[in-house]
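Residue-level structure breakdown
One letter stands for each residue in the lines below.
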Amino acid sequence: MPSLGELIAPRRLGADFRWLLASSWTSNLGDGIALAASPLLIASLTSSPVLVAAGAMMQFLPWLLFGLLAGAVADHHDRRRLVMLANGLRAVIVLILVGFLITGQATVWMVLATAFLYGTAEVFADSAGSTLLPMLVRPADLGIGNARMQAGYLVANQLAGPPLGAFLFAVGSFWPFLLQVLCVALAVLLVSRIARTPVPQQEGQARSTKVHAIREGLSWLRHNAPVRTLVIIILVFNVTWAAPWGVLVLYATEHLGMGPVGYGALTTASAIGGIIAVFSFGWLERHVSFSTLMRVCLSLEVLMHLSFALTTSPVVAFVIMFGFGLYAFVWGTISTTVRQRLVPMQLQGRIASVNMVGVFGGLVIGQFIGGLLAQLFGLTAPWWFAFAGSAVTLLLVWRSISHIAAAKPVLDDAQADEVASDDEPGAGGRPLID
């Protein structure tokens with residue numbers, strides 16, 4: 001019977017992976033605490049809906065402004081040190097806010113500025129952090145590694161963090177943010193225990209300008225059909241997903257009559273489904289092909305939108321949200337794993353950042369469309385838009401999914417030699433795609 005530690009972080013993934021996982025889980029707990037405490041703080045300082053909404057916008061605006069730059073920086077510097085530096089800045093930024101809260105000098109504008117600066121540092125931390133896993137584990141273990149990272153996000157960020165943040169805010173406005181500082185600072189200490197990671201730059205290659213580096217990444221993406229198609233799928237499905245999600249609180253409270261508590265429980269149902277999914281991912285990866293899993297996940301997304309458009313039952317809504325958590329986090333794990341396996345190590349930061357810019361760009365576009373449709377045609381209109389848009393997109397990319405899942409990475413000479421040496425007898429081969 002394997003121990004709990006072995007189930008969470010298998011020994012074969014190595015000690016460095018465990019330090020990375022611990023750092024990620026700790027940082028996610030801090031972010032989850034702020035996820036509830038930040039809106040509560042802004043709402044306590046202003047009654048303006050615009051300013052309250054601006055607080056939420058600070059979560060994705062830095063990605064749109066700095067995402068591509070952060071990816072280029074991650075590909076030309078020591079990624080572990082970048083994570084440590086960016087997270088250290090995040091801790092300092094929030095600590096300054098804590099000082100103003102303790103002295104009673106905080107204003108809503110100060111909180112918004114803190115959110116923007118914190119979000120900007122987070123872009124650089126996440127861009128560099130997303131590249132560490134492929135540097136620490138074998139390609140064959142990326143699936144289980146990403147699943148465990150997703151589990152930390154679900155448990156710490158979505159389940160444990162928000163209620164803890166809300167409770168601490170009720171005790172005193174500065175307490176949740178002080179704990180957030182401690183979590184982020186601990187995350188810096190944990191990631192520092194990882195053995196030094198090399199700068200992902202070819203020997204003798206001159207350091208290019210950041211603009212040239214960004215263009216190089218975009219050019220690679222444009223000419224790599226599997227990864228390009230995957231990024232487009234994620235962008236479009238985020239547009240269709242965000243359209244109804246932007247008005248979900250109104251849909252739940254007014255259309256389904258669930259009330260504020262019921263609305264919050266919907267998110268919990270999704271997180272519970274996600275936890276089951278990510279801890280079942282190892283079994284799924286061994287028994288079901290990635291192409292089948294990708295098609296099933298996207299098909300369920302289409303059906304989820306249709307079901308929400310048709311139902312008026314809170315019970316059915318809970319079942320749908322639980323199912324959403326099951327397949328959405330399987331999809332997230334697979335799409336990340338496939339991208340990491342196909343992208344050269346020296347481009348991991350740039351391609352990951354393009355993907356994230358697409359994610360947040362899709363959220364912005366989708367929320368705008370969803371709000372407009374709900375205003376003009378009612379609260380179920382965004383779900384019908386999401387159903388139609390995702391269904392058409394799935395039909396267009398259905399055949400391409402097989403090519404994405406089965407694609408092989410293009411290796412340079414050094415990488416090819418390394419793989420060849422790993423495949424020699426007694427070397428314990430490193431399969432690139434399961």
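Cut-offs and rules
Residues numbered from 1 in each chain as written. Predicted model: local features only at pLDDT ≥ 70, side-chain atom pairs only at ≥ 80, totals over all residues. Heavy atoms only, no water. Phe/Tyr/Trp six-rings, centres within 6.5 Å; stacked < 30°, edge-to-face > 60°. Helix = DSSP H or I, 4+ residues; strand = E, 2+ residues; numbered from the N terminus. Buried < 20%, exposed > 50% of the residue type's maximum accessible area, 1.4 Å probe, protein only. Expected span 1.5 Å × (residues − 1). Polar contact = N/O pair within 3.5 Å; in protein donor to acceptor, adjacent residues only side chain to side chain. pLDDT = per-residue confidence, 0-100. Contact = heavy atoms within 4.5 Å. Axes fitted to C-alpha atoms, helices over the stretch in contact; angles between N-to-C directions. Parallel < 35°, antiparallel > 145°, perpendicular 65-115°, else oblique. Left-handed = near helix turned anticlockwise from the far one by under 90°. Nonpolar A, V, L, I, M, F, W, Y, C, P; charged D, E, K, R; others polar. Lys, Arg positive; Asp, Glu negative; His and termini not counted. Salt bridge = Lys/Arg side-chain N within 4 Å of Asp/Glu carboxyl O.

**Quick word on the packing of aromatic side chains**
Evaluated as defined, the whole model comprises 14 aromatic pairs. Aromatic side chains tyrosine 153 and phenylalanine 329 sit 6.3 Å apart centroid to centroid with 40° between the ring planes, which places their arrangement in the tilted category. One end of the pair, tyrosine 153, is in helix 8 (residues 142-171); the other, phenylalanine 329, is in helix 16 (residues 314-342), with 176 residues separating them in the sequence. Since its relative accessible area comes to 31%, tyrosine 153 is described here as partly exposed. By relative accessible area, phenylalanine 329 is classed as buried at 14%. An aromatic cluster is built from Trp241, Trp245, Tyr251, Phe308, Phe324, Tyr327 and Trp383, whose rings are joined through pairwise contacts.

**Description of helix 5 (residues 79-103)**
Given a rise of 1.5 Å per residue, 25 residues ought to cover 36 Å, and the 37 Å separating the end C-alpha atoms of helix 5 matches this to within 8%. The N-cap of helix 5, judged by a side-chain oxygen 3.1 Å from the amide nitrogen of arginine 80 a few residues on, is aspartate 78. Glycine 104 occupies a position one or two residues after helix 5 and carries a positive phi of about 75°.

**A word on the confidence of the model for the chain**
Mean pLDDT over the chain: 85, with 89% of residues reaching 70 or higher. The low-confidence segment residues 202-206 (pLDDT under 50) makes four contacts with residues lying over four places distant or belonging to another chain. Overall, residues 412-434 carries pLDDT values under 50, and its contacts beyond four positions in sequence, including any with other chains, amount to 30 contacts.

**Some words on the environment of phenylalanine 318**
Relative to the helices and strands, phenylalanine 318 resides in helix 16. Dropping the residues within four chain positions of it, phenylalanine 318 is found in contact with Met258, Gly262, Ala265, Leu266 and Ala269.

**Observations concerning the side chain of threonine 114**
Looking at where threonine 114 falls in the secondary structure, it is placed in helix 6 (residues 108-129). Beyond its immediate stretch of four places on either side in the chain, threonine 114 contacts Ile93 and Leu97.

**Considering the packing of helix 11 (residues 225-245) against helix 15 (residues 290-310)**
The contact between helix 11 and helix 15 brings their axes to 11 Å, and the two run at 20°. Between helix 11 and helix 15, the angle is such that the two are roughly parallel. Between helix 11 and helix 15 lies a crossing of left-handed hand. Across the interface between the two elements, Leu230, Ile233, Phe237, Thr240, Trp241, Pro244 and Trp245 from helix 11 touch Met294, Leu298, Glu301, Met304, His305 and Phe308 from helix 15. Split by residue class, the contact of helix 11 with helix 15 holds 10 nonpolar, two polar and one charged.

**Quick word on the side chain of arginine 148**
Here arginine 148 lies in helix 8. Here arginine 148 sits buried without a salt bridge, and the closest side chain of opposite charge, glutamate 285, lies 8.6 Å off (N-O distance). Those residues in contact with arginine 148 that sit more than four places away from it in its chain are Leu7, Ile8, Phe17, Leu21, Trp25, Val278 and Phe279.

**Some remarks on the packing of helix 8 against helix 9 (residues 175-191)**
What describes two packed helices is the angle between their axes and the distance between those same axes. Running from amino to carboxyl end, helix 8 crosses helix 9 at an angle of 130°, the nearest separation of the two axes being 7 Å. Between helix 8 and helix 9, the crossing angle belongs to the class labelled oblique. Of the residues in helix 9, those in contact with Leu164, Gly165, Leu168, Phe169 and Val171 of helix 8 are Trp175, Pro176 and Leu179. The residue makeup of the contact of helix 8 with helix 9, split by class, is seven nonpolar, one polar and no charged.

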